[in-house]
Amino acid sequence: MKHLDEYRDSSLALPLVKELQNTVTKPLTVMEVCGSHTMAIFRNGLRSILPQGMKLVSGPGCPVCVTSASHMDAFIAMADIPGVHVTIFGDLFRVPGSTGSLAEASSRGAKVDIVYSPMDALDIAKNNPDELIVFLGVGFETTTPGIAATILAAKNQKVTNFCVFSTQKTMPAPMEALLNDPDLKIDGLLCPGHVSTIIGAGAWEPMAKKYNLACVVGGFETADLLKALILLARQVGSGDIKVENVYPRAVSWERNERATKMVEEIFEPVDMDWRGLGIIPQSGLKIRAAYRDFDAEVRLDIVLPKSKEPRGCLCGEILKGKQTPNECPLFDRGCTPATPIGPCMVSSEGTCSAYHKYGRDE
Amino acid sequence: MCLAIPMKVTAVQGNPDDFTSNQLATVDADGISRDVRLDVVDYWPKVGDYVIIHAGFAIHSLVEEEALKNISLLQELADNTPEELLS
Ligand code: SF4
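Here's what I pulled together on the structure shown here.

1. Details of the overall build of chain A
Counting its regular elements, chain A contains 16 helices and eleven strands. Against the 2.2 N^0.38 benchmark of 21 Å for 362 residues, chain A shows a C-alpha radius of gyration of 21 Å, consistent with a compact globule. Taking all 362 residues of chain A together, the buried fraction comes to 61%. Here the contacts in chain A between residues at least 6 apart in sequence split such that 77% fall between residues at least 24 apart. When the accessible surface of chain A is totalled, it reaches about 14,000 Å², and 50% of it is carbon and sulfur.

2. Some points on the overall build of chain B
The helix and strand tally for chain B stands at two helices and five strands. Beginning at the N terminus, the succession of helices and strands in chain B can be written as β-β-β-β-β-α-α. For chain B, the residues scored as buried account for 48% of the 87 residues in total. Here the contacts in chain B between residues at least 6 apart in sequence split such that 29% fall between residues at least 24 apart.

3. Comments concerning the state of the cysteines
On inspection of all chains with the given rule, the structure shows one disulfide over all chains. Cys191 of chain A supplies the cysteine sulfur nearest to Cys215 of chain A, a cysteine that is in no disulfide, at a spacing of 4.2 Å.

4. Topic: unusual backbone geometry
For Asp332 of chain A, which is not glycine, the phi dihedral falls at a positive 65°. With respect to the helices and strands, Asp332 of chain A occurs in the loop between α14 (315-319) and α15 (343-346). You can call Asp332 of chain A partly exposed: its relative accessible area is 31%. Notably, Ala55 of chain B is not glycine yet its phi reads approximately 50°, a positive angle. Structurally, the position occupied by Ala55 of chain B is in the loop between β4 (50-54) and β5 (57-62).

5. Some details on the pattern of salt bridges
Across all of its chains, the model carries 18 salt bridges over all chains by this definition. Here Asp224 of chain A makes a salt bridge to Arg249 of chain A, at a shortest N to O gap of 2.7 Å. One end of the pair, Asp224 of chain A, is in helix α11 (residues 222-238); the other, Arg249 of chain A, is in the loop between β9 (243-245) and α12 (257-266), with 25 residues separating them in the sequence. Taken as a pair, Asp224 of chain A and Arg249 of chain A share a single burial class, namely buried. Here Asp49 of chain B makes a salt bridge to Lys46 of chain B, at a shortest N to O gap of 3.1 Å. Exposure remark for Lys46 of chain B: the relative accessible area of 51% places this residue in the exposed category. Residues joined in a network through salt bridges with shared partners are Asp181, Asp183 and Lys322 of chain A.

6. As for the nonpolar core
Residues Leu136, Ile151, Phe162, Leu189 and Trp204 of chain A are the most contacted members of the largest nonpolar core, which totals 139 residues. Per-element accounting of this core gives the leading share, ten residues, to α11 of chain A. Residues within four places of Ile151 of chain A in sequence aside, it is in contact with Phe162, Val164, Ile266, Phe267, Ile287, Tyr291 and Phe294 of chain A. Formed by eleven residues, the second largest nonpolar core is a distinct cluster that contains Val9, Val41, Ile53 and Ala58 of chain B.

7. Overview of the pairing of β4 of chain B
Walk down a regular strand and you will see the side chains alternate between the two sheet faces. Residues and elements named next belong to chain B. Within β4, five of the five residues are buried, leaving the element largely enclosed by the surrounding structure. Neither face of β4 is open: one carries Tyr50, Ile52 and His54, the other Val51 and Ile53, and all of them are buried. Across two bridges, strand β1 (residues 7-13) lies against β4 in antiparallel orientation. Of the residues in β4, the one forming a bridge with Lys8 is Tyr50. Taken together, the five bridges between β4 and β5 define a ladder with antiparallel strand orientation. When the bridges of β5 are listed, Ile53 appears paired with Ala58. In textbook terms, the turn of a hairpin is the stretch between consecutive antiparallel strands, and for β4 and β5 this stretch comprises two residues, one of which, Ala55, has a positive phi near 50°.

8. Overview of the packing of aromatic side chains
Residues and elements named next belong to chain A. As enumerated under the stated definition, the model contains six aromatic pairs over all chains in all. Ring geometry for Phe75 against Phe165: centres 5.0 Å apart, planes inclined by 85°, an arrangement best described as edge-to-face. With Phe75 in helix α4 (residues 69-79) and Phe165 in strand β6 (residues 162-166), this residue pair connects regions lying 90 residues apart in the sequence. Taking the relative accessible area as the measure of exposure, Phe165 reaches 0% and is therefore buried. Feature note: the residues Phe42, Tyr355 and Tyr358 constitute an aromatic cluster, connected by ring pairs. The ring of Trp274 has Lys169 lying over it, and the distance from NZ or CZ to the ring centre is 5.8 Å.

9. Quick word on the sheet that holds strand β4 (residues 111-114) of chain A
All names here are of chain A. Spatially, four strands are ordered β4-β3-β5-β6 in an open sheet, and the strand pairing comes out parallel. Since the sheet does not close on itself, it has two edges, and those belong to β4 and β6, each with one partner. Direction aside, neighbouring strands of the sheet carry axes that sit 25° apart on average.

10. What to know about α11 of chain A
Residue and element names in this part refer to chain A. When the terminal C-alpha atoms of α11 are compared, their 24 Å separation across 17 residues agrees well with the 24 Å that a helix rising 1.5 Å per residue should span. Burial runs high along α11: 14 of the 17 residues are buried. Of the residues flanking the end of α11, it is Gly239, one or two places downstream, whose phi is positive at about 80°.

So, how was this worked out
- Residues numbered from 1 in each chain as written.
- Chains lettered and ligands numbered in written order.
- Predicted model: local features only at pLDDT ≥ 70, side-chain atom pairs only at ≥ 80, totals over all residues.
- Heavy atoms only, no water.
- Helix = DSSP H or I, 4+ residues; strand = E, 2+ residues; numbered from the N terminus.
- Rg over C-alpha atoms; globule rule 2.2 N^0.38 Å.
- Buried < 20%, exposed > 50% of the residue type's maximum accessible area, 1.4 Å probe, protein only.
- Contact = heavy atoms within 4.5 Å.
- Areas by Shrake-Rupley, 256 points an atom, 1.4 Å probe, with all protein chains shown as cover.
- Disulfide = S-S within 2.5 Å.
- Salt bridge = Lys/Arg side-chain N within 4 Å of Asp/Glu carboxyl O.
- Core = buried A, V, L, I, M, F, W, Y, C linked by side-chain atoms within 4.5 Å.
- Pairing = 2+ DSSP bridges.
- Phe/Tyr/Trp six-rings, centres within 6.5 Å; stacked < 30°, edge-to-face > 60°.
- Lys NZ or Arg CZ within 6 Å of the ring centre and 35° of its normal.
- Axes fitted to C-alpha atoms, helices over the stretch in contact; angles between N-to-C directions.
- Expected span 1.5 Å × (residues − 1).

In structure tokens form, the structure reads like this:
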């Protein structure tokens, strides 16, 4: 209740903050799965008004943070191949691998471009017929459909110098891995907003039942977040465990069929390496053989190197919700956003960068 | 990455059943107009509907009434008691 004053003026949030205080009747730990939620919670100062007994831990939902060191090294090695032009979402640019980053590759002459959409990468391919444009697919269900649509567009438009290196990951699987971990006790999940737009709020139901886990799909504004936390506390308090959706402006109960069909046309499930979590069966997506011309791993014959995590970096444990950045001896000493050691400090959605930006004591 | 507000559709082109047609919507948010892909949107929008966008693709569409209700919802919350908020 440190900063409740800040909410006094906000007629919007105050009743919700009060309601949250009243609702938490027994201790509970909630995991916010999505990196955007982690940032929104910090930005809104919600950690400082959490009632006694309510604990929030961050989960494995920042796509850059869960990209393994071995994938990062493969990306960087690929960028150094002459004639290859790598296109990425911006957050990936400064993530360190074992031997540098894409930013460093770029400064020694590798072609690396930041794009807003995979479709922009396809346009770059059309404008640069002498280069092989590789889009690095790093993301969850929210980005996969657009990447699938872009591959299909490349095929239809007969663009032959475009391909994708897919490390796309799927969401409920790592949560199961965490819930099976006896060291980690989670009572509720703040389910990711826009992953749920694609898979539907209903996708969380099997997990809610199997693990007796309160699940609420929430948005990103202060009131969205407070509502979600209140409902989670209510479920845990009453024992009436279920899936609730307080983000109906973006999420339906059913999955997005058009997106799902598009993804299934292009991709198939594959075992995937997650930073911190290791290999989780069938938790990733690879490009189907029928579209192998668009698969960078096939075209460039990529073998994933055996890479080590940066020494001393706790990102892996932080992604599991087991430790906080405060427990990392490098936090704000060797490791800052200007000189990041691990991906959790680089990504704008990473837990370490959130702690750095909004204060370590919360 | 995920902080989305619904954007209003001002024009639609392409055929929902034909992925080779140029499936595009023009959207408007606070006077800024831009094109977004409709390849993976859940329901094909019509002019006046709203869409939620991620990385250049519309991923969810809402009819106007639903969108306006949702956009003003957060403001409306202010005037309600907590009990009503959650009903
Ligand atoms: S502070 Fe840096 S080194 Fe420590 S866990 Fe975070 S990213 Fe890794």
